[in-house]
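# Structural characterization, general
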Amino acid sequence: MDWQALEISLKLALLTCASLLPIGLFISYILSRTQFIGRGLCEAIITLPLVLPPTVLGFFLLVSLDQDSFIGGAFVSLTGENLAFSFTGLWLASIIYSLPFAVQPMLRSFEQIAPELREMAWCSGLSKWKTFLKIELPLAWPGIITAMVLTFSHTLGEFGVVLMIGGNIAGETRTLSIAIYDSVLAFEHEQAQMMSLTLLAIALVTISIVYTFNRRQRHLMRL
Amino acid sequence: MLEVSLFDERQPALNVEFNCESGELLALVGPSGAGKSTVLRCIAGLHKPERGHIRINQSAWFNSDDKINRIPQQRRVGFVFQNYALFPHLTVAENIKLAQSDTKDDKLTTSLLSKVHLTGLEKRYPHQLSGGQQQRVAIARALARNPDVLLLDEPFSAVDKVTRRKLYLELNSLRRDLAMPIVLVTHDLDEAAMLADTMVVIHHGKTLQQGTPAKLLHQPNTVAVAKLVDVRNLFKGKVVENGNDAQLHWDNKQLTLIGTLGYHQQTVNWTISPSKVILHQRVRPSRGEQENPVSGQIVELMTLRGITTVLLAVNDVKDVIIQMDVSEHVSVRNSLKTGDNITVSLLAESIHLMAM
């Protein structure tokens, strides 16, 4: 069992969740509450990582994170470090490839909140910010939890993009899914099995938590 | 007092003007899509019309000339939405507390709940309540903000008929303690007539007439209003005035009118309320013989809740059916049945004329 790879995987998944919580909330809230030209294109771009082959997405990310590119170059000049084949680059890539997994459930949740509830909150004297905190956020909670669990599980299990962006540097970019692939190549089936079961268990537990929580929440809020 | 004057040429178009005194219940009536709910949304600040003003006790909430447009949070409005819009994740008490300016005041929550007969249900969630209970929570929440105006948007449409009748009585008794103007939106004329002090008829976003329910239902200004308030006896006739007397020529019949109204030689629409058509008793003679007597044959009889509606095919007037409402016991005592020939009086003071 490669504990270091597990630690990297968990760290990457948690950091991606922490980053995508505010980013996802912001994007999904804006998309659910505003109508603008190009909204369809905007949603398509956010959903793109869901349908693109991971290697294609990985290739484009690798090119844009390279030190000769605008983003990669700017990062090098700011920090002196390369984004490609680094944990930070991997983290940035994870935010992008998990974006649809965070935005879609949150967006659906915000869209399901009846506009009258918001208007009622305003008529009850609540500011827009308080309405968001006291009414919309609690009502969208099941979607937010689903978004975080999907982001966590997806980041934990991603293989193609991780390999393209991070390579396979132990202690830096070598995640559990890469370690499983290495073990299989080296005919270390017992180790591969142990790590695969670990990933399976984490995925099962997190998804079960979501279903249980969402059922309770739906029961509470049915009207 | 609430003063409303709204104009909008965009969709939904508005041309609405009315006033509502403190403590008065004003019903906005009209068919679906007439713009009634839009008017309430304008008062609450949820919809901005092109021009006009909304003033409450001389203070402007909206004035297009002075570019005043207060946001909903700055207008003290108690709003009961059609589907109540209760916050599903909050208990009854929390729903009410959220609208209180001082959220720590438990006494106010308790007193509001007792006012709407919901004591003991504080900890329930909206989905655990019946339709009638949900409506009461919505009213308590609307009152929690100590509003300057109470807006009720079809508040009875989501409950069954039995509950509705109970809630009518409750609202009627509750409103006696309320000092603010109350605006009720409804498409149910009976509901409006029963609860309101004043009715405003609105159609295609335009106010057509404001008046007491009796005035509006029995003496509409125009045929359009008459049709909207479902006037059942609506006919055409020609007025002939002679000195201080006036007569209405209705096909081959002449009906005496009460004084002159300046309609000489004009064809007019006229109406008489079914409850003001007086039946001549068959068992004993009536002085009604002198008061615009009209004979005819009963073509239909319907009894509902103690009121019998009689449809009478009038003799001497072609293809005309006049409707008359009498108490069920009157119908029984006179042994009214389909096919009978009867005589009724169309009292001069009950005939209402409308220009074509």
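Residues numbered from 1 in each chain as written. Chains lettered and ligands numbered in written order. Predicted model: local features only at pLDDT ≥ 70, side-chain atom pairs only at ≥ 80, totals over all residues. Heavy atoms only, no water.

## Topic: the interface of chain B and chain A
One widely used convention gives an interface's size as the accessible area the parts lose upon coming together. At the junction of the two partners, chain B supplies 23 residues and chain A supplies 21 residues. Contact between chain B and chain A buries roughly 2,000 Å² in total, counting both sides, with carbon and sulfur atoms accounting for 70%. When the buried area of chain B at its contact with chain A is split by residue, Gln73, His89 and His127 of chain B rank highest and sum to 30% of it. Here chain B is connected to chain A by one salt bridge. The salt bridge involving Arg41 of chain B is made with Glu119 of chain A; its shortest N-O contact spans 2.8 Å. At the junction of chain B with chain A, the criterion picks out five residue pairs in polar contact (both at pLDDT 80 or more). (Contact = heavy atoms within 4.5 Å. Buried area = accessible area lost by both parts, 1.4 Å probe. Salt bridge = Lys/Arg side-chain N within 4 Å of Asp/Glu carboxyl O. Polar contact = N/O pair within 3.5 Å; in protein donor to acceptor, adjacent residues only side chain to side chain.)

## Structural notes on the packing of aromatic side chains
Scanning the model with the defined rule gives 11 aromatic pairs over all chains in all. Residues Phe235 of chain B and Trp270 of chain B carry aromatic rings whose centres are separated by 5.0 Å and whose planes lie at 45° to one another, so their mutual orientation is tilted. Of the two residues, Phe235 of chain B is situated in strand 12 (residues 234–242) and Trp270 of chain B in strand 15 (residues 267–271); the sequence distance between them amounts to 35 residues. For Phe235 of chain B, a relative accessible area of 9% puts it in the buried group. When the ring of Trp250 of chain B is compared with that of Trp270 of chain B, the centres are 4.9 Å apart and the planes differ by 90°; the resulting orientation is edge-to-face. Here Trp250 of chain B, found in strand 13 (residues 245–250), pairs with Trp270 of chain B, found in strand 15; they are 20 residues apart in sequence, far enough to count as distant. Classification of Trp250 of chain B by relative accessible area gives buried; the value is 2%. Given the relative accessible area of 0%, Trp270 of chain B is considered buried. One aromatic cluster is present, formed by Tyr29, Phe110, Trp129 and Phe132 of chain A through successive ring pairs. (Phe/Tyr/Trp six-rings, centres within 6.5 Å; stacked < 30°, edge-to-face > 60°. Helix = DSSP H or I, 4+ residues; strand = E, 2+ residues; numbered from the N terminus. Buried < 20%, exposed > 50% of the residue type's maximum accessible area, 1.4 Å probe, protein only.)

## Looking at helix 1 (residues 36–44) of chain B
All names here are of chain B. Burial of helix 1 is extensive: seven of the nine residues sit out of reach of the surface. Looking at helix 1, one finds that the buried residues are Lys36, Thr38, Val39, Leu40, Cys42, Ile43 and Ala44. At the exit of helix 1 stands Gly45, carrying a positive phi of roughly 90°.

## Here's the deal with the packing of helix 3 (residues 54–65) of chain A against helix 5 (residues 87–97) of chain A
All names here are of chain A. Packing of helix 3 against helix 5 leaves a shortest axis separation of 11 Å and a crossing angle of 135°. Taken together, the axes of helix 3 and helix 5 lie oblique to each other. Crossing of helix 3 against helix 5: the hand is right-handed. For the pair helix 3 and helix 5, contact is made by Leu57, Leu61 and Leu65 and by Gly89, Leu92, Ala93, Ile96 and Tyr97, respectively. Split by residue class, the contact of helix 3 with helix 5 holds seven nonpolar, one polar and no charged. (Axes fitted to C-alpha atoms, helices over the stretch in contact; angles between N-to-C directions. Parallel < 35°, antiparallel > 145°, perpendicular 65-115°, else oblique. Left-handed = near helix turned anticlockwise from the far one by under 90°. Nonpolar A, V, L, I, M, F, W, Y, C, P; charged D, E, K, R; others polar.)

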